[in-house]
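Survey of secondary and tertiary structure
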Amino acid sequence: MKRKAHLSSAAKAHWEQLLAEFCSISSPSGDLAGLHIMAKRCTQELEGFGFLVRLQDTGTGPVLVALSPHARPPFTLVVGHLDTVLPAGPVRRKGRKLYASGAVDMKGGIVTFLAALELLKEQQAPLPPNLAVVLVPDEESSGSATRQAMAEWGAHATLVLVVEPGEIVKGQETVVCGRKGMAEFMLRVHGQAAHSGLAFHQGRSALAAACHFVHRAESLTQGDLTLNVSRLVAGDGAFLDNLSKQADLLGTSARLNVVPDAAVCQGEFRFSEGKQGEEAKKALQALAQEVARQRHVRVEFAITHWVPPVDSRAGAWLAERAQRLAREVGLELAIEHNRGGVSLANFLERPDLPVLDGLGPVGGGMHTDEEFVSLDSLARRVRLLARLLQELAQVPPP
Ligand SMILES: [Zn+2]
């Protein structure tokens, strides 16, 4: 088998051009028309490699599912998302960086995969058998289609590759084999309103109780566990119940003479293992009850959203394989075992499943007007992913 070690300059130019074209398609979350155009373009490209592609419509846009010829479950699954946070703006090129919405997150990752397929085709190298590609439309927003597609396809996978962006940590490009879980919480405090001049001691401040909770909750942050209180709104009940119409009270003297009887506090915490998350949840519940007793207020505490972590143990061998193959293409890769951001992989709901994430190129300015991708990293990642797919085709998992 002839093996070309490098992408030719014509091939590089071709893929950079395709990435610029993908980035000029505006496909922010919720833009159903834009997401359809993006899905159609990916369909054309994948059909060119012989994949059987179908688009499943959902309320948040199309889910693209592509199967390699004769693919049957269980699948080697490649996952990504079609949506971006910001709509497309001008696509600019400065040296070896391409600036555009979605350049790194993650149209760059999709192009990496397509270019890796092309490289394997040129080398007449086999693809892993039973390859399935799933691209979702709403990873950056509601995630309702993402959750469903990941759980559905995760159930029929033996291994998952995620083309989310890599990072640079201490000067080294990374891949990701584990991600933290995340939970969102909400605390409501019901106190007792009273005139602060005439009947101060009859009042029970929901605001003071909520602050007490916040102060204590933040001290749960330790090691891998981080807790962020994101929002605290308090005041008299009429203010809180009618916030959108009463916001003009802020900055005035109106009703400052009322002991505030209502507070809502929201936040999130991140954890590296399910057990650690459960313990944090119990600690917050106990803390809410303790504050209620000490402050003579009533509290309601709820976990409003729960995303499980990606266990790095299942995919460790895969990450080590990628690290070894990366050296062949001149890339010293570091492995992230515990990345803080949630990705598609968090919704697979299969702690036993080997996952290798962060296979896309590195860049910066994600979700801003200054988002860019490194085109040199793109070329390296194409070669790495091609080598990885080739080896997965030839050497079975341990
Ligand atoms: Zn992303």
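Bear in mind that the values here come from a model prediction, so they are computed numbers and not experimental data.

For the rest of this paragraph, the subject is helix α10 (residues 375–394). Given 3.6 residues per helical turn, the α-helix brings residues three or four places apart onto the same face. Taking 1.5 Å of rise per residue, 20 residues should cover 28 Å, and α10 covers 29 Å from first to last C-alpha, within 8% of that figure. With 16 of its 20 residues buried, α10 lies for the most part within the structure.

Before going further, it helps to examine the environment of K40. Secondary-structure assignment places K40 in helix α2 (residues 32–48). Using a count of 15 C-beta atoms within 10 Å as the deciding quantity, one classes K40 as partly exposed. Counting along the chain gives 238 residues from K40 to E278, while the straight-line C-alpha distance between them is 42 Å.

A few words now on the domain arrangement of the chain. We note that the domain assignment places domain 1 (9–179 + 310–394) and domain 2 (182–307) within the chain. Computed over C-alpha atoms only, the centres of domain 1 and domain 2 are separated by 39 Å. The class makeup of the residues in the side of domain 1 that touches domain 2 is 1 nonpolar, 3 polar and no charged.

To continue, consider the sheet that holds strand β16 (residues 363–364). Strand order in the open sheet formed by 4 strands is β4-β5-β17-β16, with antiparallel pairing between adjacent strands. Looking along the sheet, the strands with just one partner apiece sit at the ends: β4 (92–94) and β16. The sheet contact formed by β16 and strand β17 (residues 372–374) spans 2 bridges and is antiparallel. Considered in β17, the bridge of G363 is made with V373. Across the sheet, helix α3 (residues 103–122) touches β5 (97–99), β16 and β17, and the angle it forms with β17 is around 50°.

The rules we used
Residues numbered from 1 in each chain as written. Predicted model: local features only at pLDDT ≥ 70, side-chain atom pairs only at ≥ 80, totals over all residues. Helix = DSSP H or I, 4+ residues; strand = E, 2+ residues; numbered from the N terminus. Expected span 1.5 Å × (residues − 1). Buried ≥ 20, exposed ≤ 12 C-beta atoms within 10 Å, placed from the backbone. Domains from an automatic or database assignment. Nonpolar A, V, L, I, M, F, W, Y, C, P; charged D, E, K, R; others polar. Pairing = 2+ DSSP bridges. Contact = placed C-beta atoms within 7 Å. Axes fitted to C-alpha atoms, helices over the stretch in contact; angles between N-to-C directions.

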